Amino acid sequence: MTNSLLVLLLTLATAVTGFAQGQTNSRAQAYYHFSKARLLDDQGQASQAIDEFKKALELDPNNSLIFSEMAQSYLRNNMFREATDTAAKAIAVDPDNVEAHKLLTTIYLQAIGRATAQQPPSAETINNAIHEFEEIVRIDPTERQSFLMLGRLYQIKGDLNKAADIYKRFLGIEPSS
């Protein structure tokens, strides 16, 4: 794993040589902290990984990828509120960050999956999930699974006309389904 980190760092350092020296150093340092965070996270050192993600964001605060990876780390460590907030920041920086939208759907679907007959999922959670799936199919109109989940969520919500519309759109990309 250390060799791949070294290769990644060398590649990134080479890629940024055309920028001004100050910008290059800052960006290279951000990628160093980002890479270190991913390595630490892979090793199960979540707290240290989060600290490294934060250092990377201090140096490159508008990097949606760093926010997305940090949100995934939070989610892997069952820190749902932090994962949700951080994924939302990734989307604020880049509304077309499909990975951040997918991460939010994972969080909302987990909440829906934990619901029971005595305590059904909230309308807000269902609407949030619908919104994120709508964004995913907007960004990638060939995302088959997102169409199917979106249709199912509209069924759960009781909006059968909207569910039917979604399934018709799905058949447009998957006519043999």
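Cut-off values and rules
Residues numbered from 1 in each chain as written. Predicted model: local features only at pLDDT ≥ 70, side-chain atom pairs only at ≥ 80, totals over all residues. Heavy atoms only, no water. Helix = DSSP H or I, 4+ residues; strand = E, 2+ residues; numbered from the N terminus. Buried < 20%, exposed > 50% of the residue type's maximum accessible area, 1.4 Å probe, protein only. Areas by Shrake-Rupley, 256 points an atom, 1.4 Å probe, with all protein chains shown as cover. Phe/Tyr/Trp six-rings, centres within 6.5 Å; stacked < 30°, edge-to-face > 60°. Lys NZ or Arg CZ within 6 Å of the ring centre and 35° of its normal. Core = buried A, V, L, I, M, F, W, Y, C linked by side-chain atoms within 4.5 Å. Contact = heavy atoms within 4.5 Å. Polar contact = N/O pair within 3.5 Å; in protein donor to acceptor, adjacent residues only side chain to side chain.

Caption draft 1: Structural view of the overall build of the protein chain. Tallying secondary structure elements over the protein chain gives nine helices and zero strands in all. In the protein chain, buried positions account for 37% of the 177 residues. Total accessible area on the protein chain is roughly 10,100 Å²; 52% of this is exposed by carbon and sulfur atoms.

Caption draft 2: Structural detail: the packing of aromatic side chains. All chains considered together, the criterion is met by two aromatic pairs. The residue whose ring lies beneath R114 is F80, and the NZ or CZ to ring-centre distance is 5.4 Å.

Caption draft 3: Here's a closer look at the nonpolar core. Of all hydrophobic cores here, the largest spans 38 residues; its most connected members are F53, L103 and L150. For F53, the contacting residues outside a window of four places in its chain are F34, A37, R38, I66, E69, M70 and S73.

Caption draft 4: Structural view of the side chain of H33. On the secondary structure map, H33 appears in helix 2 (residues 21-42). Within the structure, the side chain of H33 is placed 2.6 Å from the side chain of E52, a separation counted as a polar contact. Those residues in contact with H33 that lie beyond four places of it in its chain are E52, K55, A56 and L59.

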